[in-house]
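So you can see what is in the structure, the chains are spelled out below.
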Amino acid sequence: MAQSLELLLIQFLMPDNDARRQAEEQIKRLAKDPQVIPALVHHLRTAKTPNVRQLSAVLLRKKITGHWAKLSPQLRQLVKQSLIESITMEHSPLVRRASANVVSIIAKYAVPAGEWPDLLPFLFQCSQSQQEDHREVALILFSSLTETIGNTFRPHFADLQSLLLKCLQDETSNRVRVAALKAVGSFLEFTYDGAEVVKFREFIPSILNVSRQCLASGEEDVAVIAFEIFDELIESPAPLLGESVRSIVQFSLEVCSNPNLESNTRHQIISWLAKYKSISLKKHKLIIPILQVMCPLLAESTSGEEDDDLAPDRAAAEVIDTMALNLSKYVFPPVLEFASLSSQNINPKYREAAATALGVVSEGCSDLMKGKLEPVLHIILGALKDQEQMVRGAASFALGQFAEHLQPEIVSHYQSVLPCILNALEDASDEVKEKSYYALAAFCENMGEEILPFLDPLMGRLLAALQNSPRNLQETCMSAIGSVAAASEQAFIPYAERVLELMKVFMVLTNDEDLCARARATELVGITAMSVGRLRMEPILPPFLEAAIAGFGLEFSELREYTHGFFSNVAEILDEGFAQYLPHVVPLVFASCNLDDGSAVDIAESDADENNNGFGGVSSDDEAHDEPRVRNISIRTGVLDEKAAATQAIGLFALHTKSSYAPYLEESLRILVRHSGYFHEDVRLQAVIALKHILTAAQAVFQGHNEGPAKTKEVFDTVINIYIKTMTEDDDKEVVAQACMGTADIIKEFGYTAIEPYTSQLVEATLMLLKEESACQQAESDSDIDDDDAEHDEVLMDAVSDLLPAFAKSMGSHFAPIFSKLFEPLMRFTRSSRPPQDRTMVVACLAEVAMDMGSPIAGYIDTVIPLVLKELASSEATNRRNAAFCVGELCKNGGETALKYYGELLRGLYPLFGESEPDDAVRDNAAGAVARMIMVHPETIPLNQVLPVFLKVLPLKEDHEESMAVYSCICNLVLSSNPQILSLVPELVNLFAEVVVSPIETAETKSQVGRAFSHLLSLYGHQMDPILGRLPPAHASALALFAPKS
């Protein structure tokens, strides 16, 4: 066989394809015989040309696994000995490496079985040889052996570390240093023990040196290995990089700043910075140095041939975005400074970078940006008018980001922002137009009646664009029209007919390239229907519904996703009238929910080096037993979005059609239970929301049935158990927040009797969330965020804090023992180091608990009042408003304990009645607090001083939930003929007149005011005429309706 095999190996390496193919077929046939192994070993040692020797080693690697067990002990020894000789005596580096790969495969079987005891001693000896080739190949073998017998090295770990460190510092050979660098990377994967990994800290200066030398010699792919090693070290829970962080980051920044290096190299190293622990960057004062390099990188020009995803400006934006999300208060000031300076730069790339930087940080730095909107908008709106298209494009991108992340504050700037967006819609560049439609859509989403003055010019532009633009612009244009329709509500009616006519054209398109537009059109019809209402839409809906249902035959996931949203909107406007469509649409929704996710796994079977050397053809033999490597896992995200939309639709169909949903209830619940544990949070979120709606429908379905209560309880138990599990075990905050909100609603609606069996579990879950120990809070606690860097968790903690008032509402004073467990964890959020939003969340929660729990709140007064007094003087209006509300509830329910604080509380409230208080809602709540204090203890209030100030801020301007307290207080004082209030009759008459003409106040409030006014008339008769005469006629007439009939 040896002779014939040698000829075949030579033939295989010929350039003639036919000859090569014949050789390959015969080699495959011969390779089925175990005797091929000694024959290949023979050629590995004796063939004259390196190519044949290398090919022999490559084939050995492929065939050894299948034949090893069939070889005699003598032959096995021969193979091992020959490979060792090849490694030490072979002159060709490629043959040595190919032989080392075979050793790695054999070692996988021989070493654990104790059949190759001299392998490791040989490698240690080789690594200390005088010959550079030996040292290099030993390190290469150490690297490849980690893949097969990594754990075998554990007893030799200390020796190996010393050896690797010595080789990293090899003074004579760059090849040895590079091989050592690769070996360090391989060994890290098998280093679990903290002490072992900490030892690697000593390697960092040498790793950086080797990486530097590789960059200097053009071996960029090797230099990047250093950062793969640092990646591994970052993942460790121990602070393994230690003080070396500074030198690593400094080196990273040098690499990032070097435009002569390959984009891929720079991208990998910039991306490493994006992953680095933010807490360490802060500790080592590296935030500013990083931003000083990253911000200018946003302005770096890239050639048109370059892969956009690898462009340094893209990677730099990723770093800035990540830092903004984690270190907002340190990132925003330098970014704003960079943007302010760069916006004036003569170089348009810098003006573009200014706008990009602000757009990129707007999500992470949203709270800080909201406070600096004037200067930020000055830069962006200026850039939107820049003569360079690239600058206008970046500005329109930034404006879209602002509209998404800086709500609701951004909307108050509509007078300056909307005209600029309108102009940008006319831009010569399609890119600027498209981004401007997106910005317009996001901006209008949170607008209300403010949009009305702009409605006509907006719709004029949008309708014209819809008919005259390319498809991609038409799609973003439809999205913008949807936002305008949602914002303008009934005012959209004059445009609805034209929009719906145009949508009919889009909703019958069937070409693949038009289906995105069809999806957007379907969505827009649903939004338009919501704006104009049932009366106008119901008669014209059937053709749209038919087109929507027909779209399911086109097998396009995005169209199905938007169609489920359309069905949901229609269900919302038709309410129980949607029941007629359930048989047509529910099966479609179920089909989407039951879709296969289509996870795709790519397997990489062939060895890249071998293919590069032209030996790939022989590696496809069906006897090759090498384990495939999973290279990539991707999920069809379109299917995820479709499932989420379908899951949402189930809930809305159930909510709006109620008892008519009965035939679908059981299957829907089964799907939602499954989806509540789905791997992706978007689907879980919709399932958690929909479960509450299914419970509402179940109540309606089973009402009046003999087994009704038992069946409803079955659904109730399923839902509440899922909510409890979600609160403690789900790792996504938004999903957990929805579970908390659903639980709070259930507690309020079903009452204490229904939730009593679950009380201890619900309290434990709430306690875990307040202590920030649940699964979804672990990621943050693992990153050791400093208390003074903590940001208010608006998504989650606001929902958690709503659970306490829900308990109080359902349990009343019986909530007291539970509240005593929750109080301390809740108060942790009021520390001075916490953000103001945390403190006001607690104050609002305490106010609502006091309102419903009643007198047991007295036990907490001494702890809470100092906090409330501080909050009354807060610079934040929301904090002052909640504090004022809390004062009223504490005084109303706190009994004698609260009485001793009345003087301090009145002094704290007083500034909120003055001209210096800019917020009407704060003033209204302050009035509510004083009203409650007067009602509980009128004798302790200096009414002669308080009433004139109190009446001066009335009527209520914004928070009409305070009406009952405020006007009841005044009316009671009048009806009891309190002398202090009767000295203020003119003010009272004016106030009563304002209340009775108000379109907002309730009939009950007006009736109460009417009785007080009648009492004044009975006391003063005609003395009231001059006061009444000074009222506007409409006010006087309204009051006259309440006068006693003569």
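Please read these numbers as outputs of a predicted model, since none were measured by experiment. (Residues numbered from 1 in each chain as written. Predicted model: local features only at pLDDT ≥ 70, side-chain atom pairs only at ≥ 80, totals over all residues. Heavy atoms only, no water.)

Scanning the protein for helices and strands turns up 58 helices and two strands. Across the 1046 residues that make up the protein, the buried fraction comes to 56%. In the protein, the share of contacts with a sequence separation of at least 24, taken over all contacts with a separation of at least 6, comes to 73%. When the accessible surface of the protein is totalled, it reaches about 45500 Å², and 50% of it is carbon and sulfur. (Helix = DSSP H or I, 4+ residues; strand = E, 2+ residues; numbered from the N terminus. Buried < 20%, exposed > 50% of the residue type's maximum accessible area, 1.4 Å probe, protein only. Contact = heavy atoms within 4.5 Å. Areas by Shrake-Rupley, 256 points an atom, 1.4 Å probe, with all protein chains shown as cover.)

Here glutamate 352 shows up in helix α21 (residues 348-361). Judged by relative accessible area, glutamate 352 falls into the buried class, the value being 17%. Within the structure, glutamate 352 has its side chain in polar contact with the side chain of lysine 349 (distance 3.1 Å). Those residues in contact with glutamate 352 that lie beyond four places of it in its chain are Met390, Val391 and Ala394. (Polar contact = N/O pair within 3.5 Å; in protein donor to acceptor, adjacent residues only side chain to side chain.)

Here we come to the packing of helix α40 (residues 733-755) against helix α43 (residues 794-801). Between α40 and α43, the least distance of the axes is 8 Å, while the angle of their chain directions is 20 degrees. Between α40 and α43, the crossing angle belongs to the class labelled roughly parallel. The handedness of the crossing between α40 and α43 comes out as left-handed. Contact residues: α40 offers Lys733, Glu734, Val736, Ala737, Cys740 and Met741, while α43 offers Val795, Leu796, Ala799 and Val800. Class assignment for the residues of the contact of α40 with α43 results in eight nonpolar, no polar and two charged. (Axes fitted to C-alpha atoms, helices over the stretch in contact; angles between N-to-C directions. Parallel < 35°, antiparallel > 145°, perpendicular 65-115°, else oblique. Left-handed = near helix turned anticlockwise from the far one by under 90°. Nonpolar A, V, L, I, M, F, W, Y, C, P; charged D, E, K, R; others polar.)

Looking along the chain, the bond that leaves glutamine 407 and enters proline 408 is cis, with omega of -5 degrees. With respect to the helices, strands and loops of the structure, proline 408 is situated in the loop between α24 (389-405) and α25 (414-424). Omega for the peptide link from leucine 954 to proline 955 comes to 10 degrees, which places this bond in the cis form. By the secondary structure assignment, proline 955 is in the loop between α52 (943-952) and α53 (963-975). If you check the backbone angles, serine 977 has positive phi at about 50 degrees while not being a glycine. Residue position: serine 977 is located in the loop between α53 and α54 (979-982). In this structure serine 977 comes out as partly exposed when scored by relative accessible area, which is 29%.

So, on to helix α5 (residues 73-89). Counted at 1.5 Å a residue, the expected span for α5 with its 17 residues is 24 Å, and the 24 Å between its end C-alpha atoms agrees. If you check which residues of α5 are buried, you get Leu75, Arg76, Val79, Lys80, Ser82, Leu83, Ile84, Ser86 and Ile87. Where α5 is buried, its residues meet α3 (36-46), α4 (50-67), α6 (93-110), α7 (119-127) and α8 (132-149). (Expected span 1.5 Å × (residues − 1).)

Our focus in this paragraph is the pattern of salt bridges. Counted under the stated rule, the structure contains 36 salt bridges. In this structure, arginine 461 engages glutamate 426 in a salt bridge whose closest nitrogen and oxygen atoms are separated by 3.4 Å. A residue pair is termed long-range when its members are at least 10 positions apart, and arginine 461 in helix α27 (residues 455-468) and glutamate 426 in the loop between α25 and α26 (430-444) qualify at 35 residues. Note on arginine 461: relative accessible area 29%, which makes it partly exposed. Exposure remark for glutamate 426: the relative accessible area of 52% places this residue in the exposed category. Ionic contacts of the salt-bridge type, sharing partners, join the residues Glu772, Arg828, Arg834 and Asp838 into one network. (Salt bridge = Lys/Arg side-chain N within 4 Å of Asp/Glu carboxyl O.)

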